[in-house]
Amino acid sequence: MESVTLTAVVTAIASILSTLPSEAVEKIGENIDDSVWVLRGKLVEKLRQKNKLVSLTGSVEGNEPQQLQQLDYGQGVLELKAAADTDPEIAQVVVEIEAAARTLDFSYPQQVEKFIHKWFAAIPKTGEQLCTALKEPGKERIQDLVKNPLLLTLLCLNWQSGDGKLPDTQAGLYQQLVDNFYKWRRAEFATNDHQRQQLNVKLGELAKAAIDKETIRFRLQQDFVSDFLGDADDENSLLKLALNLGWLNCVGIDTDRKPVYAFFHTSFQEYFAAKAIDDWHFFLNHILYHPSLGTYRIFEPQWKQTILLWLGRPEENLKQQKQQFINALVNFKDGIGKWNKYYDKGFYEYRAYILAAAGIAEFRSYSRADRIVAQIVKWVFGEADLIGEEAKLVLQHTDRTKVIAALVQLLQSNRLNDYTRIQVASSLGKIAPGNENAIAALVQLLPLNSLYTTYARYTEIAKSLGEIGTGNEIAISALVQMLLSTNISDIGDYEACKLAAESLGQIGTGNEIAITALLQLLQSPNLKWYNFTRWQAAESLEKIVTANENVIVALVQLLQSNGVDENTRNWAAKSLGKIGTGNENAIAALVKLLQSTNVADHTRRLAAESLGKIGTGNKVAIAALVQQLQSTDVDDYTCELAASSLGKIDPGNEIAIAALVKLLQSTNVGDHARRLAAESLGEIDPGNEIAIAALVQLLVSNDVKAWTYTEIAESLRKIDPGNENVITALVQLLQSNDLDDFTRRLAAYSLGKIDPGNEIAIAALVQQVQSTDVDDYTCELAAYSLGIIGTGNENAIAALVQLLQSTNLSQDTRGEAAESLKKIGTGNENAIVALVQLLLSTNVDHFARMLAVQSLGKIGTGNVIAITALVQVLLSTQLLLSTNVGEGLLRQAAESLGEIGTGNENAIAALVQLLQSSNTNMDDYNYTRIQVANSLIKILQDNKHRFAVVKTLSGYNCYGVFWECAQNMPYPDFYRAWHHSKFATGVVQGLKEIFFTRII
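Every value quoted in this text rests on a predicted model; they were computed, and no experiment measured them.

Quick look at the overall build of the protein
For the protein, the helix and strand inventory stands at 55 helices and five strands. For the protein, with 1000 residues in total, the buried portion stands at 57%. Considering only contacts in the protein between residues 6 or more positions apart, those separated by 24 or more positions represent 68%. Accessible surface for the protein amounts to roughly 44100 Å². Of this, 48% is attributable to carbon and sulfur atoms.

Quick word on the UniProt feature "domain: NACHT C-terminal Cysteine and Histidine-containing" (unreviewed entry) in the protein
Those residues carrying the UniProt feature "domain: NACHT C-terminal Cysteine and Histidine-containing" (unreviewed entry) are residues 956–979 in this numbering. Here residues 956–979 runs as 75% helix and 0% strand, with 13 Å between its end C-alpha atoms.

Some remarks on unusual backbone geometry
If a residue is not glycine, its phi is most likely negative; likewise, a peptide bond is most likely trans. Note the cis peptide between Tyr108 and Pro109, where omega equals 5°. For Arg257, which is not glycine, the phi torsion reads 65° and is therefore positive. Among the structural elements, Arg257 can be located in the loop between strand E2 (248–253) and strand E3 (259–263). Overall, Arg257 belongs to the exposed group, its relative accessible area being 65%. One non-glycine residue, Tyr289, adopts positive backbone phi at about 75°. In this structure, Tyr289 sits in the loop between strand E4 (284–285) and strand E5 (295–296). For Tyr289, a relative accessible area of 56% puts it in the exposed group.

A short note on the packing of aromatic side chains
Evaluated as defined, the whole model comprises 41 aromatic pairs. Ring plane angle 65° and centroid distance 6.1 Å describe the contact between Tyr971 and Tyr975, whose orientation is recorded as edge-to-face. Here the residue Tyr971 and the residue Tyr975 both occupy positions in helix H53 (residues 971–978), the gap between them amounting to four residues, near one helical turn. For the pair Tyr971 and Tyr975, a shared accessibility class is recorded, and that class is buried. Members of the aromatic cluster, joined through ring pairs, are Tyr174, Phe181, Tyr182, Trp184, Trp247, Phe263, Phe264, Phe268, Tyr271 and Phe272. Lying over the aromatic face of Phe282, Lys208 brings its terminal NZ or CZ to 5.1 Å of the ring centre. For the cation-ring pair, Lys574 lies above Trp571, with the distance from its terminal atom to the ring centre recorded as 5.2 Å.

With respect to the side chain of Arg400
Its place among the elements puts Arg400 in helix H21 (residues 400–411). Buried and unpaired, Arg400 has no salt bridge, with Glu140 as the nearest side chain of opposite charge at 4.8 Å. Of the polar contacts made by the side chain of Arg400, one reaches the backbone oxygen of Ile431; its length is 3.2 Å. Not counting residues within four places of it along the chain, the set of residues in contact with Arg400 comprises Glu140 and Ile431.

Quick word on the sheet that holds strand E1 (residues 220–221)
Across the sheet, which stays open at both edges, the three strands sit in the order E1-E3-E2 with antiparallel pairing between neighbours. Looking along the sheet, the strands with just one partner apiece sit at the ends: E1 and E2. The strands that helix H14 (residues 238–245) touches are E2 and E3; relative to E2, the one it contacts most, it runs at about 95°.

Brief notes about the packing of helix H43 (residues 794–805) against helix H44 (residues 811–824)
H44 packs onto H43 with a crossing angle of 150° between their chain directions and a minimal axis gap of 8 Å. Taken together, the axis directions place H43 and H44 in an arrangement best described as roughly antiparallel. Classified by chirality, the crossing of H44 by H43 is left-handed. Of the residues in H44, those touching H43 at Ala796, Ile797, Leu800, Val801, Leu803 and Leu804 are Arg814, Ala817, Ala818, Ser820, Leu821 and Ile824. Split by residue class, the contact of H43 with H44 holds 10 nonpolar, one polar and one charged.

Section: a negative patch on the surface
A contiguous patch of negative charge, built from Asp740, Asp741, Asp773 and Asp775, is present on the exposed surface. According to the relative accessible area criterion, Asp775 is partly exposed, its value standing at 42%.

Observations concerning the packing of H44 against helix H46 (residues 846–859)
When two helices pack together, their arrangement is captured by the angle between the axes and the distance separating the axes. One can describe the packing of H44 onto H46 by two numbers: an axis separation of 9 Å at closest approach and a directional angle of 15°. Between H44 and H46, the crossing angle belongs to the class labelled roughly parallel. Between H44 and H46 lies a crossing whose hand is right-handed. Contacts between H44 and H46 involve Gln811, Arg814, Gly815, Ala818, Leu821 and Lys822 from the former and Phe847, Ala848, Leu851, Gln854, Ser855, Lys858 and Ile859 from the latter. The class makeup of the residues in the contact of H44 with H46 is six nonpolar, four polar and three charged.

Considerations on the pattern of salt bridges
Taken as a whole and judged by the stated rule, the model has 26 salt bridges. The shortest N-O distance in the salt bridge between Lys822 and Glu819 comes to 2.8 Å. Taken together, the residues Lys822 and Glu819, both in helix H44 and three residues apart, mark about one turn of the helix. Glu819 sits in the partly exposed class, given a relative accessible area of 36%. One network of salt bridges, in which partners are shared, links Lys275, Asp278, Arg313 and Glu315.

With respect to the side chain of Ser820
Here Ser820 shows up in helix H44. For Ser820, the residues in contact, after removing those within four places along its chain, are Ala783, Tyr784, Gly787 and Leu800.

Brief notes about helix H42 (residues 776–789)
A rise of 1.5 Å per residue sets the reference length of H42, with its 14 residues, at 20 Å; its end C-alpha atoms lie 20 Å apart and thus fit the reference within 8%. For H42, the tally of buried residues reaches 10 of 14 residues, placing the bulk of the element in the interior. Listing the buried residues of H42 in full gives Thr778, Cys779, Glu780, Leu781, Ala782, Ala783, Ser785, Leu786, Gly787 and Ile789. The N-cap residue of H42 is Asp775: its side-chain oxygen and the backbone nitrogen of Tyr777 are 3.0 Å apart.

As for the pairing of E2
Relative to E3, E2 runs antiparallel, the two sharing five bridges. For Cys250, the partnering residue across the bridge sits in E3 and is Tyr261. With antiparallel pairing between neighbouring strands as the criterion, E2 and E3 make up a hairpin whose turn holds five residues, including Arg257 at a positive phi of roughly 65°.

As for the confidence of the model for the protein
Of the residues in the protein, 84% have a pLDDT of 70 or more, and the chain-wide mean is 81. Counted against residues more than four places away or in other chains, residues 20–33, with its pLDDT under 50, gives 34 contacts. Every residue in residues 981–1000 is under pLDDT 50, and counting partners more than four places away or in other chains gives 37 contacts.

Concerning the pairing of E3
Where burial is concerned, most of E3 is hidden: four out of the five residues are buried. Where E1 lies against E3, two bridges are found, and the strand directions are antiparallel. Looking at the pairing, Leu220 lines up with Tyr261 of E3.

Some thoughts on the environment of Thr533
Along the chain, the position of Thr533 falls in helix H28 (residues 531–544). Residue classification places Thr533 among the buried positions, given a relative accessible area of 0%. For the pair Thr533 and Leu499, spaced 34 residues apart in sequence, the C-alpha separation works out to 8.5 Å.

What about the environment of Gln143?
With respect to the secondary-structure elements, Gln143 resides in helix H9 (residues 140–145). Looking at Gln143, the relative accessible area reads 12%, which means it is buried. C-alpha of Gln143 to C-alpha of Ser107: the two residues are 36 residues apart in sequence and 9.7 Å apart in space. Filtering out sequence-adjacent residues up to four positions away, Gln143 remains in contact with Tyr108, Leu134 and Lys135.

Here's the deal with the nonpolar core
With 324 residues, the main nonpolar core has Trp247, Ile376 and Phe974 as its most contacted residues. By residue number, the principal contributor to this core is helix H18 (residues 347–359), which donates 10 residues. Apart from residues lying up to four places away in sequence, Trp247 is in contact with Val178, Phe181, Tyr182, Leu199, Leu203, Ala242, Ala262, Phe263, Phe264, Phe268 and Phe272.

Cut-off values and rules
Residues numbered from 1 in each chain as written. Predicted model: local features only at pLDDT ≥ 70, side-chain atom pairs only at ≥ 80, totals over all residues. Heavy atoms only, no water. Helix = DSSP H or I, 4+ residues; strand = E, 2+ residues; numbered from the N terminus. Buried < 20%, exposed > 50% of the residue type's maximum accessible area, 1.4 Å probe, protein only. Contact = heavy atoms within 4.5 Å. Areas by Shrake-Rupley, 256 points an atom, 1.4 Å probe, with all protein chains shown as cover. UniProt positions renumbered as here; feature names shortened; annotations may be inferred. Phe/Tyr/Trp six-rings, centres within 6.5 Å; stacked < 30°, edge-to-face > 60°. Lys NZ or Arg CZ within 6 Å of the ring centre and 35° of its normal. Lys, Arg positive; Asp, Glu negative; His and termini not counted. Salt bridge = Lys/Arg side-chain N within 4 Å of Asp/Glu carboxyl O. Polar contact = N/O pair within 3.5 Å; in protein donor to acceptor, adjacent residues only side chain to side chain. Pairing = 2+ DSSP bridges. Axes fitted to C-alpha atoms, helices over the stretch in contact; angles between N-to-C directions. Parallel < 35°, antiparallel > 145°, perpendicular 65-115°, else oblique. Left-handed = near helix turned anticlockwise from the far one by under 90°. Nonpolar A, V, L, I, M, F, W, Y, C, P; charged D, E, K, R; others polar. Patch = residues over 30% accessible without salt bridge, like charges linked within 9 Å, V, L, I, M, F, W, Y side chains within 5 Å. Charge placed at Lys NZ, Arg CZ, Asp CG, Glu CD. Expected span 1.5 Å × (residues − 1). pLDDT = per-residue confidence, 0-100. Core = buried A, V, L, I, M, F, W, Y, C linked by side-chain atoms within 4.5 Å.

What follows is the structure, given as structure tokens:
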């Protein structure tokens, strides 16, 4: 059996540690992929069954201190490796976890810190020290690295045996990890200084050569590896040593049945490569005007991380070289020139500068780093939109300390308008959450009076404070002051209060001042006629408090107050259902509300519903709900809710089950109440035959209202999916002559949801769509239903296409047919052909043609017929005339081509020709031109296409297209295309061959 890689084993251990014992439901955070979660459980179960790694698997469920103290996760990695090497079942799950987790990242700090606390559970002080070290200024690049579960695992191993210090650069961390890796593996494979040094050098040479080869970059063939490390069969070779240690792993075989190898992790390959480079000219050897003779690895994405790691190397003899390299990037001239007044550099000059900005995060002693950061900040908040997005991205990854200083200085400038100041403060808050200067700047912009005239600005401020001000006393105090000082006199002031309350709900968790202010707003007598503000206060309180006694008391007082309107009382009851779990006062207040005869039925229902959420096991709540069920004065709906709640807080309660059964069997109960009762019974007593029989009986009843069919069928689908009686009943309904069209459609829709693809249901809907006796609305609903249940069905598709062609139907109905066709006709040749025929017909109106174009953009991906038809629309001289109708269709055709025409040369050529058009409706800022450019960007697939586009469009104002090409093309190729003397390309010349040719 082939040995499982060490990489896979470490990843598997990381997956086991990715969930704390108390988090079996929430899975440590939103980024944990479901497949990883399932496989992780599978591995733990396998290990338990085979009695392997008992202490490790026990930690998944256990909280006992003595259990946690037995854990040594470093040793656990080695033990799991041994278990996987001898047990195929364990090995298989480990390999599956590695594959599933390959692109998985933890969030920082939430998931990363939880992982660290789990790792160091037996020595929590050590874990806290690591978390604190990661938070230190200048450690942002390390934070980015350890989002990777495997690298975080190695960091924990390293920290456990290290000196308690983190380096400032990623290169420094990798050096620590490499050194510690050898220590960790020495029990099995001891090495001396000479062996380690020799192996590191050769691994560097191998890594550097591999990254330069596109076809084998991260999957290294045996012959290639042997050129650097020797033969794997030689026990004394460096390859054998690298395999034993785990620096290289066998990850498969090639077509010649020879092994294929990969580094322990691609990031270590990049690090070893960086260590093997001693001259910055390896990355850049610029020969202006003759770039084909130069070296431009700075523009090759596979080298970016290696370049950054090289800049982070600590050797003193490289310091001058690194200075020269950054200088060369900053001063790079691409020979292409400026774009316009907003863009002061060439395309590749921008790219080089942005790389320099990323580089100073690793090489922090660069002499002009402040100047670089200032320029990036200027681009972010200036008028250069295209570069602004790239600048925003690098702003997150350059020297964080200098960025913060630059943004703070910008905030203090008197030249900023309010909008820009908000954007700067927001960016500062994202880069440095909780930054006092950013929060102070935002707070300073908060007015303390009516916001009616500055509503949009306040929304931006409130949103930014909600993102960056969590727990910040200054932000909270400002918003509280806003709440308490506003003189509520008009709707603008109410909106101010509501938005302030909403922001407090985002940032004020646990803050007593925020809680008190929201309570005061909740109880304010001035909010009588604008209850939504009070509701917002209640909703925010739900977010920032859990089981807070003062809040519960205030909500109880609202429930019991005679001066509170019904809506506010309802909101209070609903809020108690969220925050009052187990609280006796909350339960007592809800019980009193439930029993009151002075409140509306809806309020009592909310009380019953909330009791079902917070009263689990509470005898008072159970008794009150039972009393409701036994009362003759309670309406059916309240009775159903009471029974449902009783089933939740006292599962299996016989009185609740009996009450629901009684409701179902009663002849005096309405359809809606009966359906809800059946659904509740199905939830608290799954598979209950009485509930299922009652719902089936309702389906075949002649007295049931049309809409109820859908509700009944949906309830049955939930509690007894696939029930043959249900399917039979719905089929009988559809075949009945006594059913009106509207009810028939609903029955068909319900049948399709329960039994997707059911031919009888589809046939019934098709019949309605094709009928001349059906009104527009029913026809529209039938088309919608076909979009849900008719996937791939030829009859359904044909019927929808027929609807598109009809000029006797409303635009809404035809639009719905188009939407449904997009859902069920993807890739269907008949649907595509029908749409093309519709598009090219001279007998259809503009609206039908527009729908055909839209639909082709959804279902015709890669289809030559669809693409050719859209190209003909684009190139029609009639549509290039200055008419809104023609331009709208042209713009839609361009958008659809952008969706389905990736890599198609005819589509590319057509879009290029449009960008060359001198038509008056195609000026630089015209929406159609923008759409054409965006679609062209989306469908460019390779450098051949990009070269042709740049060569053809050079001289035209198409900067967005050029920028996309420059980001993806080798610099020498772009330079050659830009300065190419020929105007026409083979691609564009081919236009004549496809223009108005026969398509089908």
